[in-house]
Structure formats: C-alpha cells, structure tokens
Amino acid sequence: MAWKKSTVSKSVYRRQLAARLRELREDAELTLADVARQVEVSQGSLSRIETGDRGTTPLLVKALLDCYEVTDTALREDLLDLVRADQAQKRPWWKKYATVVNTTQYGGYLTLESSATSLRTYQPLLVPGLLQTEAYAREIITEMRPDLSARQVQALVDVRMRRQEMLDTDNAPTLWAVIDEAAIRRHIRSTETARQQLEKLVHASEHPRITIQFLPFTAGAHAGLYGSFMLMDFPAPTPEVVWVENLTNSVCFEDPGDVDRYIEVFDHLRSRGLEPSETCRRFRTIARELQHEEP
C-alpha cells in the first residue's frame, strides 16, 4: 500500500464544497481554463479549490455560481454556508494549543474528528485517547514524548480531555473501539491509574453511542497486527477517511480502495473481539486483579 501525503488540513465542509463546485462546473461543460478566463482567477487557484487544498471566499463562490448559471437560491445559500463553515473551522478551540499541537501534527486530526459522525478505531497498545483518564493520558504522553517539557505534556493532556467533551454533545459521533489485550495488560507506573482507567472504560461502555470490544490474546494472529488506525465517517456526500499515526508523521488515506481495506480489517477485528457485555466483565476482572497487586 502506498503512503500518501496527508490531506488532513481540509475540513469536511471544504471537501464538500470542492466536490459540489467541481460537479457544477462539469455540468456547465466548462473547463478550468474557461472558468479562469471568465472569473479572472488563475487556473491553478481554481484547481486547488476543487481539490479542497485551498479555501475560498463567499465573493468568489458567488462569481463561480454566476459563471455556472446556478440560479437556485437554496443551492447557492447551501454552498455559501459551506464556505462560512470552513472559515469558522480555521478558528477552532484547539488554536490556543497551537504550539504543541503543530509540533505533534495533531491539528489536522482534530479538524477531521470534530466533524465526524462516526469513529471506529483499533488500538493494539494504548487505550484510545477519547477514552483515557487524565492521569493515564499524562503518564503515557510523558513516556512517549521525552522531548516535550512538562508544560507541553500538560497542554496535550488538556487537549485530550477537551476532545472527550464532544461525546456528550447533541450531535456527538458514535464511537466503536476495539482494544487489544496488550493495551489493557500493559504495566504503567501507577497501578491505581491503571485501575481507574479500567473503571472509566466500564463506565464509557454504558454510553448509548459508545461500543467497546476487548480483543483477547487468545484471538491469536489477526489482520490488525499492522498497527492502530482510526476510521472516520462524515455527513453525506463526504466520504470516509482513515487516519494512521506514526512516530514522526501521520497519514490520512482518502482513496476508496484504501478505506475499504481498513473497513474490512476493522470488521475482522470486531468479529474476533468479545461482545461488549463480556468486555465489561473482563475489564472488571482485570481491575480486581490490579487491586490485589497493590502493596
């Protein structure tokens, strides 16, 4: 599978707008060169707008719609709403953490996550960030990022905790997490932190929009051994994407063939995982084991 340059800076609204504008231009039987001449904007700029690599303005979109002879008032307003929504996403809540977020290449992911309608993740080594306790998040970020200062670590912890707030909003996405036993059994410095993390997973399992499955060691070798990933779905017609995080960079896959392959792997993993009710029982059992290990 080819690794492609991440395109995560595109908001879901920009991607929707890009697709609609390209469709309207093609319906009008105009080339990019034709439109560039009529609207007096460079062909390169128009191309980047249609791929979602560049944002635009209500003024330019109105000019394009005039060029394509779009007179439907409702359609015009819908497209202008997409422009405004994309512009609003340039000022998200995590901007105050811009220094550390940019350092960790986190901003693109947050842009997508905040617009998703469903999230499906497989995690072989760690509890998913949306389900972590603050103490657990602080400990693993500290260990994983020795290059960060204590202040930067706390900033990332704050971002992680703030992300979780969206799960309790009216338009919250659904979350389906398959967590490998290795992530649950991994010893961290504080046994109490590990126990509290398990309690949080049990509590999260009761949420109507959250499904958690435990993938036991007894499942043997499986299709998820390549590593963790996050599948993100969005309002139609925006297609799904897959986010894969690495040590030095992160990659967003948008090609339908790539996305379908990850969907197939996720379905394979959830078929191997324990049912949610059995998952909770297993979490409680491991939590009791940790309690007995305490000095």
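Scope of this entry: the structure provided in the associated data block. (Residues numbered from 1 in each chain as written. Predicted model: local features only at pLDDT ≥ 70, side-chain atom pairs only at ≥ 80, totals over all residues. Heavy atoms only, no water.)

**Section: the environment of G44**
Along the chain, the position of G44 falls in helix α3 (residues 43–51). For G44, a relative accessible area of 32% puts it in the partly exposed group. Placed 12 residues apart in sequence, G44 and L32 show a C-alpha to C-alpha distance of 8.6 Å. (Helix = DSSP H or I, 4+ residues; strand = E, 2+ residues; numbered from the N terminus. Buried < 20%, exposed > 50% of the residue type's maximum accessible area, 1.4 Å probe, protein only.)

**Some details on helix α12 (residues 256–272)**
An ideal rise of 1.5 Å per residue puts 24 Å on 17 residues; α12 measures up with 24 Å between its terminal C-alpha atoms. If you follow the buried residues of α12, they end up packed against β1 (118–123), β2 (174–180), β3 (210–215), β4 (229–233), β5 (241–245) and β6 (250–253). By the N-cap criterion, in which a side-chain oxygen at the helix start approaches the backbone nitrogen of a residue two or three places on, α12 is capped by D255, the distance to G257 being 2.9 Å. (Expected span 1.5 Å × (residues − 1). Contact = heavy atoms within 4.5 Å. Polar contact = N/O pair within 3.5 Å; in protein donor to acceptor, adjacent residues only side chain to side chain.)

**Focus on the packing of helix α2 (residues 32–39) against helix α4 (residues 58–67)**
In a pair of packed helices, the angle between the axes and the distance between the axes together describe the arrangement. Two elements in contact, α2 and α4, have axes whose closest approach is 10 Å; the angle formed by their N-to-C orientations is 115°. Between α2 and α4 the crossing geometry is right-handed. Of the residues in α4, those in contact with V35, Q38 and V39 of α2 are L60, A63, L64 and C67. For the contact of α2 with α4, a count of residues per class yields 6 nonpolar, 1 polar and no charged. (Axes fitted to C-alpha atoms, helices over the stretch in contact; angles between N-to-C directions. Left-handed = near helix turned anticlockwise from the far one by under 90°. Nonpolar A, V, L, I, M, F, W, Y, C, P; charged D, E, K, R; others polar.)

**What to know about the pairing of β1**
The element β1 is largely enclosed, with a buried count of 6 among its 6 residues. Neither face of β1 is exposed, since S118, R120 and Y122 on one face and L119, T121 and Q123 on the opposite face are all buried. Note: β1 against β2, 6 bridges, orientation parallel. Paired with R120 across the two strands is W176, which belongs to β2. (Pairing = 2+ DSSP bridges.)

**Overview of empty space enclosed by the protein**
The final tally for this structure, using the stated rule, is 3 cavities of 30 Å³ or more. Empty space within the largest cavity amounts to approximately 70 Å³. Where the lining of the largest cavity is concerned, the elements lending two or more residues are α10 (181–185) and α11 (191–205). Here the lining of the largest cavity gets 4 residues from one element, more than from any other, and that element is α11. Looking at the lining of the largest cavity residue by residue, the class counts come to 8 nonpolar, 1 polar and 1 charged. Of the volumes computed, that of the second largest cavity is approximately 40 Å³. Sort the elements by how many residues they give to the lining of the second largest cavity and α3 lands first, with 3 residues. Here the residues of the lining of the second largest cavity sort into 6 nonpolar, no polar and 2 charged. (1 Å grid on protein atoms, 1.4 Å probe; cavity = no way out; pocket = protein on both sides within 12 Å on 5 of 7 lines; lining within 4 Å. Points joined across faces, edges and corners; volume = space filled by probe spheres on them.)

**Things to note about the pairing of β2**
Burial within β2 is extensive, with 5 of its 7 residues counted as buried. Here β2 runs beside β3; their pairing, made up of 6 bridges, is parallel. By the bridge assignment for β3, D180 is matched with L215.

**A short note on the nonpolar core**
By size, the foremost hydrophobic cluster in this structure holds 46 residues, and its most contacted members are L131, I184, L201 and M232. Those residues in contact with I184 that lie beyond four places of it in its chain are V127, I179, L198, L201, F214, F283 and I286. (Core = buried A, V, L, I, M, F, W, Y, C linked by side-chain atoms within 4.5 Å.)

**A word on the pattern of salt bridges**
Inspection of the entire model under this criterion finds 20 salt bridges. A salt bridge links E77 to R84; its shortest N-O distance comes to 2.9 Å. With a relative accessible area of 37%, E77 lands in the partly exposed category. Since its relative accessible area comes to 36%, R84 is described here as partly exposed. As a salt-bridge pair, E143 and R189 come within 3.5 Å of each other at their nearest N and O atoms. With a gap of 46 residues between them, E143 in helix α8 (residues 134–144) and R189 in the loop between α10 and α11 connect regions that are remote in the sequence. The exposure class assigned to E143 is partly exposed, which follows from its relative accessible area of 49%. (Salt bridge = Lys/Arg side-chain N within 4 Å of Asp/Glu carboxyl O.)

**Re the sheet that holds β1**
The 6 strands lie next to each other as β3-β2-β1-β4-β5-β6, forming an open sheet whose pairing is mixed. The outermost strands of the open sheet, each flanked by one partner alone, are β3 and β6. Pairs of neighbouring strands in the sheet enclose a mean axial angle of 15°, with direction left out of account. Looking at chain direction, β4 and β5 are connected through 3 bridges and run antiparallel. Residue pairing across strands places M232 opposite V241, the latter belonging to β5. On top of the sheet, α12 reaches β1, β2, β3, β4, β5 and β6; it is set at about 110° to β4, its chief contact.

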